[in-house]
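# Coordinate inspection notes
If you want the building blocks of each chain, they are given just below.
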Amino acid sequence: MWPPCIRLYMKGVDDVGYLRGVKALSPSTITVGRFVVDQPNIGEGDVAQRAIDFVNTMMPKYVANKDWVDYWEGWNEVAYPNYEWHAQFEAARACEMQKHGLKAAIGGFSTGTPEPWQFVAFLPAIEAGIRCGAILTTHEYGAPTMYLWWSQGMPESYGNPAVPAYPDRGPLMGRYRFLYRDILIPRGLMIPLVISETGIDGGAGAGQRPGYGGQGWLGFRDYWGELGQNDPIAFYVDQLAWYDSLLRQDSYVIGATIFNIAGGSNATWASFEASSIIPKLTEYALSLK
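Numbers given for residues are sequential positions, taken from 1 along each chain in its written order. In keeping with the predicted nature of the model, local features appear solely for residues at pLDDT of at least 70, side-chain atom pairs appear and are counted solely at 80 or more, and the whole-chain, interface and lining totals rest on all residues. With hydrogens and water excluded, all non-hydrogen atoms of the structure serve as input to the side-chain values.

A word on the overall build of the protein chain. Per the convention used, a helix needs a DSSP run of H or I reaching at least four residues, while a strand needs a run of E reaching at least two, with both numbered from the N terminus. Scanning the protein chain from N- to C-terminus turns up nine helices and seven strands. Here the C-alpha radius of gyration of the protein chain, 19 Å, is about what a compact globule of 289 residues would show, namely 19 Å. Reported as C-alpha extents along the three principal axes, the dimensions of the protein chain are approximately 55 × 50 × 35 Å. Throughout this description, buried means an accessible area under 20% of the type-specific maximum (1.4 Å probe, protein chains only), exposed means over 50%, and partly exposed covers the range between. Expressed as a percentage of the 289 residues in the protein chain, the buried residues total 50%. Residue contacts are counted whenever heavy atoms from the two residues lie within 4.5 Å of one another. Taking as baseline every contact in the protein chain between residues at least 6 positions apart, the subset at least 24 positions apart corresponds to 69%. With residues, only the protein chains shown are counted as cover, and all accessible areas are computed by Shrake-Rupley using a 1.4 Å probe. Carbon and sulfur atoms make up 54% of the accessible area of the protein chain, which totals about 13000 Å². In this charge count, Lys and Arg are treated as positive and Asp and Glu as negative; neither His nor the chain ends contribute. Each charge is placed at NZ for Lys, CZ for Arg, CG for Asp and CD for Glu. For the protein chain, the distance from the average position of its 22 positive side-chain charges to the average position of its 29 negative side-chain charges is 6 Å. Using C-alpha atoms as the atom set, the radius of gyration is obtained and then compared with a globule rule of 2.2 Å times the number of residues to the power 0.38.

Turning our attention to helix 6 (residues 176–184). Among the nine residues of helix 6, seven are classified as buried, and the element is accordingly described as predominantly covered. Taken together, the buried positions of helix 6 are Y176, R177, F178, L179, Y180, I183 and L184. Looking at the buried positions of helix 6, the neighbouring elements they touch are helix 4 (116–119), helix 5 (123–131), strand 5 (135–142), strand 6 (193–200), helix 8 (232–247) and strand 7 (253–258).

Judged by how many residues are buried, strand 6 sits mostly within the fold: eight of eight residues are covered. The handedness of a crossover follows from its direction of travel: if, with the strands pointing away from the viewer, the path from the first strand over the helix to the second runs clockwise, the crossover is right-handed. Handedness of the strand 5-helix 6-strand 6 crossover: right-handed.

Remark on secondary structure: sheet strands pair via backbone hydrogen bonds, oriented parallel or antiparallel. The pairing criterion is simple: DSSP has to find at least two bridges between the two strands. Pairing is parallel in the open sheet, where seven strands are placed in the order 1-2-3-4-5-6-7. Among the strands making up the open sheet, the edge pair consists of strand 1 (9–13) and strand 7. Sheet twist, expressed as the mean angle between neighbouring strand axes with direction ignored, is 25°. Here seven bridges tie strand 5 to strand 6, and the two strands are oriented parallel to one another. Bridging from a neighbouring strand, Y141 pairs with G199 of strand 6. The axes are straight lines fitted to the C-alpha atoms, using for helices just the contacting stretch, and the angles between their N-to-C directions are given from 0 to 180°. Along the sheet, helix 8 makes contact with strand 5, strand 6 and strand 7, crossing strand 6 at roughly 160°.

Structural data, given as structure tokens:
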């Protein structure tokens, strides 16, 4: 188990080379890398062999960056009803990577998923991940603020009973607590956790949430102004600080990644660009010392 202290964590997607500089400046910072890949025919074929083939295909990139990437994510945001298949894939991938002296980050669940009853199907991957030195990753976003539906439970789904509300978690932000406190911890499955994407995403609660705006936090500045929040950078950092205070209460959480800095040429990520919050975010981080 990770010690209850402030930990540094960073993630790179495709351009993972910058993590070399991160490690040079801060060797103790935990790093995660992911390469964007096709995810064809999910749920089909010999799942263990597909996992091994995936690792072998990615191995040249992993080896080239192994000195500055601690954990590697695989497929991204695989959805229900493929959790049982994906659990087998991730279990095989984690242990295959361990054979090569590498470590996996398993899961990669989308925000608002999985339902706790669905997560039970993923437990074989958690068990294998613990044996083979992996961590778990998931995504948590909210919009128009990160506080959306805080302290609410989850409705009945697919004939499974509703999940009761708790004051210390929600179905979007803090969703990981349903998975850990209700499922993993009672079973003694204390795999370390990274929230590998977080922040503001208009897709979270789409069709049900209040507000309007673009995908990322920059698309909600006018709406925040209507709420009386006329300094969007300060308001966004306040939300991130609130979330950070939540994460730091749980010793199994390594950290969280704000999506994103320097999203490159992907125009759909432009409204998420968070480089302008770095000075204010740095002030917050220094205040914790």
